[in-house]
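A structural walkthrough
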Amino acid sequence: MSEFKTDVIHRGDCIEVLRSLPDACVDMVFADPPYNLQLGGDLLRPDNSKVDAVDDDWDKFDSFAAYDAFTREWMTECRRVLKPEGSIWVIGSYHNVFRLGSAIQDLGFWVLNDIIWRKSNPMPNFKGTRFTNAHETLIWAARSRDQKRYTFNYDALKAFNEDVQMRSDWTLALCTGEERIKDADGKKAHPTQKPEGLLHRVLMAATRPGDVVLDPFFGTGTTGAAARRLGRHWIGIERDETYARVAEKRIKAVIPAAPEDLVVMGSKRAEVKVPFGALVEAGLLSPGDKLYCPRGDREARVRADGSLVAGELSGSIHKLGALFENAPACNGWTYWRFKTDQGLRSIDALRAEVRAGMQ
């Protein structure tokens, strides 16, 4: 087995290269496999000019069975090289995404979401015989159903989306203008180049700085360019030398963001769990100390075991808070206050001190 390296493009067949990679070596896979469009002839505009469609040899398969066999082979290897807490993203159109989804589930991945990439500038249906194909689908899946943890930067995405929960429908433009890479003749260097904004969002959602992202169908290197800009490592696999050279030049020109600008907003769910009793153990509260409700008109005493007592009532900080308010539930951390020279202060501030010490 060859030495494992990142930030490199492997030339060759994706399955052969995947087999050379060690087990559990990447944090995420982003795959944009051949669509298997099965085109039956040229596509013409109303003025009889030819549409630059995907007619390359790499997108041609003898049958659906051949395509399915290829899909399952590369997906099997991708699952092997994923770390136990890793995830995979696969993108496709109506031509292939249902076959991709079936393979993902059959091979043991666990689907977390399907994302609709709604194209704000889709190509029209020139013949007028079908709806305009205005979207593609991304499937996001964990490595297995039993996987307890995977990276999902929920709070960061919410901040990215102006404090609104990120939805599973994303509106982004097709790759056009200066972003579209052209060859020496002014033609598209790659027929299905994805917008870097799409990869930016995927990487922000499911990776952290320093993670390793694998793209087995690297093309002109959109995944690598986005990864380099965002402080992630990448591995590309590409069998077409022309595409690989374009990708290398493109990625080399990317200016990475400063490390301090890549810190991912933390999530409450990811914080170290601190039991209330830890405040007593740390000496921040002592048995017999009094805690107060937000209005300050009712109080409870802290006991050595981390419970609270008020007259005949006793229980955890959450249970006693709920009893005080005659409510079905209560967040005791934000409910209870302790007395300071400046007035009442939330016990959540004491939890933050303990958590800082634990980290």
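No experiment lies behind these values; they were computed from the predicted model shown.

The rules behind these values
Residues numbered from 1 in each chain as written. Predicted model: local features only at pLDDT ≥ 70, side-chain atom pairs only at ≥ 80, totals over all residues. Heavy atoms only, no water. Helix = DSSP H or I, 4+ residues; strand = E, 2+ residues; numbered from the N terminus. Rg over C-alpha atoms; globule rule 2.2 N^0.38 Å. Buried < 20%, exposed > 50% of the residue type's maximum accessible area, 1.4 Å probe, protein only. Areas by Shrake-Rupley, 256 points an atom, 1.4 Å probe, with all protein chains shown as cover. Core = buried A, V, L, I, M, F, W, Y, C linked by side-chain atoms within 4.5 Å. Contact = heavy atoms within 4.5 Å. Pairing = 2+ DSSP bridges. Axes fitted to C-alpha atoms, helices over the stretch in contact; angles between N-to-C directions.

What follows covers the overall build of the chain. The helix and strand inventory of the chain stands at 11 helices and 14 strands. A compact globule built from 359 residues should have a C-alpha radius of gyration of about 21 Å, whereas the chain, at 27 Å, is more than 25% larger. Considered along the principal axes of its C-alpha atoms, the chain spans approximately 85 × 50 × 40 Å. Within the span of the chain, comprising 359 residues, buried residues form 43% of the whole. As presented, the chain carries roughly 19,400 Å² of accessible surface, and 49% of it is formed by carbon and sulfur atoms.

The next subject is the nonpolar core. The biggest cluster of nonpolar side chains holds 32 residues, and the ones touching the most others in it are M28, F30, W89, L138 and L198. Sorting the residues of this core by element identifies β2 (26-31), β3 (82-92), β4 (110-119), β5 (135-142), β6 (169-172), α5 (196-206), α6 (222-229) and α7 (241-252) as the ones contributing at least two each. With seven residues, α5 is the single largest residue contributor to this core. Beyond its immediate stretch of four places on either side in the chain, F30 contacts W89, I91, L138, L199, V202, L214, D215, P216 and T223.

What follows deals with the sheet that holds β3. Strand pairing in a sheet relies on backbone hydrogen bonds. The paired strands run either parallel or antiparallel. Spatially, the eight strands line up as an open sheet ordered β1-β8-β7-β2-β3-β5-β4-β6, and their pairing is mixed. Two strands lie at the open edges of the sheet, namely β1 (8-11) and β6, each paired on one side alone. The mean inter-strand angle of the sheet, taken between neighbouring strand axes irrespective of direction, is 20 degrees. Taken together, the four bridges between β4 and β6 define a ladder with parallel strand orientation. Bridging across to β6, R118 finds its partner in T171.

Any functional reading would require information beyond the geometric quantities listed.
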